[in-house]
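# Summary of the model geometry
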Amino acid sequence: MDTNRNLVLLGAQWGDEGKGKIVDLLTARADAVVRFQGGHNAGHTLVIKGARTVLHLVPSGAMREHVACLIGNGVVVNVPHLLEEIGSLEQHGLDIRSRLQVSPGCPLILPHHIALDLAAERARGKQAIGTTGRGIGPCYEDKAARRGLRIGDLLKPDSFSDRLRAVMDYHNFILEHYYRSETMDFHATLDECLSWSGILQPLIGDVSARLEALRQQGRTVIFEGAQGMMLDVDHGTYPFATSSNTTAAAAATGSGIGPLDIDVVMGVVKAYATRVGAGPFPTELEDDVGQHLASRGHEFGATTGRPRRCGWLDIVALRRAVRVCGIDTLCVTKLDVLDHLDPVRICTGYEYEGLEAGFPLYNAQDLEACRPVYESLPGWQAGTAGLRSYEDMPENAKTYLSRISELVGCPVSIISTGADREDTIVLENPFSGGYRETSPE
Ligand code: IMP
């Protein structure tokens, strides 16, 4: 009997840790998967029996016919993109509509958000964040400013039209007079939005109430984080961050469950580190090793196709993720990318102006000035790709994993050895592991 019913699974680095595959794997035992923040800036790649699918908005439970896919109020939704994704899943013979529920509280990403995102990035020049250009930031800005339009508003066409006009007047003024950019057409936007209402109506539902019902029935639910802890708007490398909270607590606010209903938090971490977009990245490698990680790890963004920056695993940042997110257990992915490196290094501390430093709080500039302090471990010089049993793992690879676990004070319960669902070693089922009870206090 599973004791952990609500599992939050999130990226413990800068995103792209391979969360989608792990969510998909764990949904064999789950009844629902919920997205709770971010939007289609996320890209979750699933490989099932060799076939690759990239999901951006639909939760990664989509590939399992018994799993409900819920999009919570914390997610910003680009409706044409959502419909496109639904269509493509249907083309693969998956019935997704009957399993998909979208909260009426989800903010709508509208064409002016995309125009503003692109214009703001252009205006930042050398200080550009390297956003995905999908309107995510401006949409969250409208939400916080309480002028945004939400999925539920589509069902009230009259007031929708009035509010859209007001918000577009405001943004068109900024586009024209501040950014000197093209404005967006109100009537075209309104017509497009109204054309969505009928299609979306059957999908709109109270995700919070649904989650409460699932809880009462003793069902198992995965809360699927997007991006990664280090991109959190409060706790990440601000301002080089995304616009949502990517930490575990956002699973509650972004879906409508109580914080104490989170039973277990799993952090997904790559065996090394990557980052897309600008911002501090202390362990970045701009040498042959970095190139090696990028090419062996196929490190190109699933959403934008941009090359990812690569570096050694950063334990200082990972410790912070474990603390801020209350991570109970880790899943380590892409271990095989390190297979032929010797030695392998782990950043165990930072040096700042000649002194040992912790993680600089809330200051990307200070983090930029931190130099990593490394511990070297012997490489294993043997293939771990596709391994499915821990016993077959080279001893030095086992040592690498146990060192990570020791340094962050958190067990590793899943090891991913390849992109395919089957290339996985599960040391402990996170739904049944009694992490909270056993962790020292
Ligand atoms: P935005 O979320 O498009 O506003 O982009 C803000 C920052 O987050 C940029 O550095 C992006 O590259 C990064 N980012 C957004 N989504 C992802 C993701 O899914 N994986 C990795 N980085 C992301």
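Please refer to the structure higher up on the page.
Below is a short write-up of the structure. (Residues numbered from 1 in each chain as written. Predicted model: local features only at pLDDT ≥ 70, side-chain atom pairs only at ≥ 80, totals over all residues. Heavy atoms only, no water.)

## Description of helix 5 (residues 157-178)
The terminal C-alpha atoms of helix 5 lie 30 Å apart, and with 22 residues this matches the ideal 32 Å at 1.5 Å per residue to within 8%. Inspection of helix 5 places Phe160, Ser161, Leu164, Val167, Met168, His171, Asn172 and Leu175 among the buried residues, and these make up the whole buried set. Seen along its axis, helix 5 keeps its buried residues to an arc of 145 degrees; they face one direction. Exposed and oriented more than 90 degrees from the buried face of helix 5 are Asp158, Asp162, Asp169, Phe173 and Tyr178. (Helix = DSSP H or I, 4+ residues; strand = E, 2+ residues; numbered from the N terminus. Expected span 1.5 Å × (residues − 1). Buried < 20%, exposed > 50% of the residue type's maximum accessible area, 1.4 Å probe, protein only. Arc of directions from axis to C-beta.)

## Considerations on the site of the ligand
Neighbouring the ligand are 16 residues, the closest being Asp16, Asn41, Thr132, Thr242 and Arg306. Within the backbone of Gly130, an N or O atom sits 3.3 Å from an oxygen atom of the ligand. Thr242 places a side-chain nitrogen or oxygen 2.6 Å from an oxygen atom of the ligand. Relative to its unbound accessible area of 470 Å², the ligand is 96% covered by the protein chains. Applying the majority rule of atoms within 2 Å of the grid points places the ligand in the largest pocket. A breakdown of the residues in the shell around the ligand according to their chemical character gives six nonpolar, eight polar and two charged. (Near = heavy atom within 4 Å. Polar contact = N/O pair within 3.5 Å; in protein donor to acceptor, adjacent residues only side chain to side chain. Areas by Shrake-Rupley, 256 points an atom, 1.4 Å probe, with all protein chains shown as cover. 1 Å grid on protein atoms, 1.4 Å probe; cavity = no way out; pocket = protein on both sides within 12 Å on 5 of 7 lines; lining within 4 Å. Sits in = over half its atoms within 2 Å of the grid points. Nonpolar A, V, L, I, M, F, W, Y, C, P; charged D, E, K, R; others polar.)

## A short note on the environment of Thr329
Here Thr329 lies in strand 12 (residues 329-333). A relative accessible area of 0% places Thr329 in the buried class. Leaving out residues up to four positions away in the same chain, Thr329 has contacts with Val265, Met266, Gly267, Cys410, Pro411, Val412, Ser413 and Tyr435. There is a polar contact of 2.6 Å between the side chain of Thr329 and the side chain of Ser413. (Contact = heavy atoms within 4.5 Å.)

## Description of the layout of surface pockets
Of the volumes computed, that of the largest pocket is approximately 880 Å³. Around the largest pocket sit 45 residues that line it, and Ile129, Thr131, Ala241, Thr242 and Ser243 are the ones nearest its centre. At the level of elements, helix 3 (111-124), helix 4 (136-144) and helix 5 are the ones that each hand at least two residues to the lining of the largest pocket. With six residues, the top contributor of residues to the lining of the largest pocket is helix 4. Three or more residues apiece are contributed to the lining of the largest pocket by two domains, here domain 1 (6-86 + 207-432) and domain 2 (111-202). Roughly 600 Å³ of volume is contained in the second largest pocket. Elements supplying a minimum of two residues to the lining of the second largest pocket: helix 1 (19-26) and strand 3 (44-48). (Points joined across faces, edges and corners; volume = space filled by probe spheres on them. Domains from an automatic or database assignment.)

## Structural notes on the sheet that holds strand 8 (residues 264-270)
One open sheet accounts for nine strands, arranged 6-5-2-7-1-8-12-16-17; its pairing is mixed. Among the strands making up the open sheet, the edge pair consists of strand 6 (100-102) and strand 17 (424-426). Averaged over all pairs of adjacent strands, the angle between their axes in this sheet comes to 20 degrees, without regard to strand direction. Relative to strand 16 (residues 412-416), strand 12 runs parallel, the two sharing three bridges. Within strand 16, the residue paired with Cys331 across the bridge is Ile414. (Pairing = 2+ DSSP bridges. Axes fitted to C-alpha atoms, helices over the stretch in contact; angles between N-to-C directions.)

## Focus: the packing of helix 3 against helix 4
Taken N-terminus to C-terminus, the directions of helix 3 and helix 4 make an angle of 115 degrees; their axes are 7 Å apart at the nearest point. Seen from above, helix 3 lies across helix 4 with right-handed handedness. Residues His112, His113, Leu116 and Asp117 of helix 3 touch helix 4, and the partners they reach there are Ile136, Pro138, Cys139 and Asp142. In terms of residue class, the contact of helix 3 with helix 4 is built from four nonpolar, two polar and two charged. (Left-handed = near helix turned anticlockwise from the far one by under 90°.)

## Things to note about the nonpolar core
One finds Val8, Leu211, Phe223, Ile327, Leu335, Leu338 and Tyr400 to be the most contacted residues of the largest nonpolar core, which totals 70 residues. Beyond its immediate chain neighbours, meaning those up to four positions away, Tyr400 contacts Ala271, Leu313, Leu335, Leu338, Val344, Arg345, Ile346, Leu377 and Trp380. (Core = buried A, V, L, I, M, F, W, Y, C linked by side-chain atoms within 4.5 Å.)

That is the geometry; function is a separate question.
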